[in-house]
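This is what each chain is made of:
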Amino acid sequence: MKNQEVFVTPQELARQREFTERIAKLNDEYTARYGRRRSAFVDCYGCQQNEADAECMRGMLREMGYEPAKDEQDADVVLLNTCAVREHAEMRVLGNVGALSHCKKARPDMIIGVGGCMTQQTAMAEKLKKSFPYVDIVFGTHALWRLPELIYQKLTFGRRVFDVEDEDGRIAEGLPVQRKDYIRGWVSVMYGCNNFCSYCIVPYVRGRERSRRPEDILNEVRGLIEKGCREINLLGQNVNSYGHGTDYAMDFPDLLRAVAQLPGDFIVRFMTSHPKDATRKLIDTMADCEKIAPQLHLPVQSGSDRILKEMNRRYTAAQYLELIDYARARIPNIAFTSDIIVGFPGETLEDFEQTLALVERVRYHALFTFLYSPRGGTPAASMPDDTPHEEKQRRFERLCQVQNAISEQIHAACVGQTCRVLCESKSRFDAFPVAARTDTGRVVYLAADPKEIGTFCRAHIVRASPWALFGEKVED
Ligand code: SAH
Ligand code: SF4
Ligand code: F3S
């Protein structure tokens, strides 16, 4: 598909706006008749990309005249935005869909929709259709922008609606977005994934890679900064493929630099970087631009070259470490984080120990560790796997122990230091009422006035745990 064919056309978007207006009219009539406004709730189960899609769903629902509901129980429309990356995520969704049957019995007019990555799988869409007859709308990731039409069909014809077409997926610009707040902003720069790591379902449910136009991204970021946003997060399954297959004049490091050069007081983060595509140019750009956070999420998945090959990751542990060393040399205070899968089919104790050795060598600030979960239709799901579950669990716990000790040491070394933090939200600790974040991405619970939320300030670190830091606000 040529890049210009990747965009949903203005005519198609205008048609959806018509449906939005018709629904808004129906909802106004409802309010006039019953003296209450209909409400909607969107629940999200996935990654940041899914959360960004959920913000779009909330934006579209707002324009349809629905007010936000505080939970599923009394909402007139409930949408579940699902994730398929591991079985656990899918089980949680199915459990919650099951629980909604009571709400639906009590209020048959309620509309229940299930969207996102799980529904983009044909077998799962069929299961939802058959086993959950009270689910009204099932829509895949590629149908997100058609949500107004789907809700309109349900409202006017009362029939169940299914939109899970197998397509490559396109980019819909200009959809309304309802954000939680304007302190941190999530901006997708590209969608989809072409990498087909052998364990991963994402390329099947998110479609092929496609990149937004640089001017659309920069305009969105400008808008966020004007609204007072202090942290810009550029998102994509593999941000370093940004611009591939297009005639844009920018690759990802160029885009990152252009974002960082916009005027305003903000910090820029990005995720995710596939190690095979993260270049020295990316690191140099991070080193050059003050506004880019000294933080790199670089998922390694395994420390064994044999397993990396089976995973189709297309780099070796040595190549990975070379990039880490380069980044550390250019950005001495850089914080690395990573994803690791334990118990990939055929992983031996020796393979696993190579992962442990890599973790000890890199000394990540934090790790996201996952037990391998077979995903139907991926190559790894049919690879022989003779490691017992208990052994995988033991390895998993060993890895967590090793990482906790490293995180604890890194955090302990911060005690007594003073650093810049962004105050993000209220915390659950009375003595440290503000949840803040260092430039390197570490969470700091801060003794400060919650009025500071939304601003940068200086924190003196007084205490550390493996998961977070505790500090006091100090004057510059
Ligand atoms: N695009 C990103 C993130 C993909 S999903 C990347 O390439 O890193 C987030 C993480 O989930 C992955 O990095 C991987 O560690 C984990 N994951 C993906 N599929 C999985 C599976 N089948 N079982 C266990 N973990 C998985
Ligand atoms: Fe999945 Fe690999 Fe793509 Fe990440 S890069 S989304 S792990 S296929
Ligand atoms: Fe994200 Fe899960 Fe989909 S990790 S892309 S929501 S499968």
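For the structure itself, look to the data block above.
Conventions we followed
Residues numbered from 1 in each chain as written. Chains lettered and ligands numbered in written order. Predicted model: local features only at pLDDT ≥ 70, side-chain atom pairs only at ≥ 80, totals over all residues. Heavy atoms only, no water. Near = heavy atom within 4 Å. Nonpolar A, V, L, I, M, F, W, Y, C, P; charged D, E, K, R; others polar. Helix = DSSP H or I, 4+ residues; strand = E, 2+ residues; numbered from the N terminus. Expected span 1.5 Å × (residues − 1). Buried < 20%, exposed > 50% of the residue type's maximum accessible area, 1.4 Å probe, protein only. Pairing = 2+ DSSP bridges. Axes fitted to C-alpha atoms, helices over the stretch in contact; angles between N-to-C directions.

### Quick word on the site of ligand 2
Consideration 1: Lining the immediate environment of ligand 2, one finds Cys193, Asn195, Phe196, Cys197, Tyr199, Cys200, Val202, Pro203, Gln237, His274 and Arg313.
Consideration 2: The class makeup of the residues in the shell around ligand 2 is seven nonpolar, three polar and one charged.

### Points about helix α11 (residues 317-330)
Consideration 1: End to end, α11 covers 20 Å across 14 residues, agreeing with the expected 20 Å (1.5 Å per residue, within 8%).
Consideration 2: Three or more residues of α11 are buried, namely Ala317, Tyr320, Leu321, Leu323, Ile324, Tyr326 and Ala327.

### Quick look at the pairing of strand β11 (residues 267-271)
Consideration 1: Burial of β11 is extensive: four of the five residues sit out of reach of the surface.
Consideration 2: Two strands pair when backbone bridges link them, and strand β10 (residues 231-235) and β11 are joined in this way by five bridges, in the parallel orientation. Bridging from a neighbouring strand, Glu231 pairs with Ile267 of β11.

### Some details on unusual backbone geometry
Consideration 1: In this structure, Thr272 follows Met271 across a cis peptide bond, with omega equal to 10°.
Consideration 2: One non-glycine residue with positive phi stands out, namely Arg314, at about 65°.
Consideration 3: In this structure, Arg314 sits in the loop between α10 (305-310) and α11.
Consideration 4: Despite not being glycine, Arg363 shows a phi value in the positive range, around 55°.
Consideration 5: Mapped onto the elements of the fold, Arg363 is located in the loop between α12 (349-362) and β14 (366-371).

### Points about the sheet that holds strand β7 (residues 184-188)
Consideration 1: The parallel open sheet is built from three strands, whose spatial order is β7-β10-β11. The open sheet has two edge strands, β7 and β11, and neither has a second partner. Within this sheet the neighbouring strands show an average axis-to-axis angle of 20°, counted without direction.
Consideration 2: Pairing geometry for β7 and β10, over five bridges, is parallel. Within β10, the residue paired with Val187 across the bridge is Leu234.

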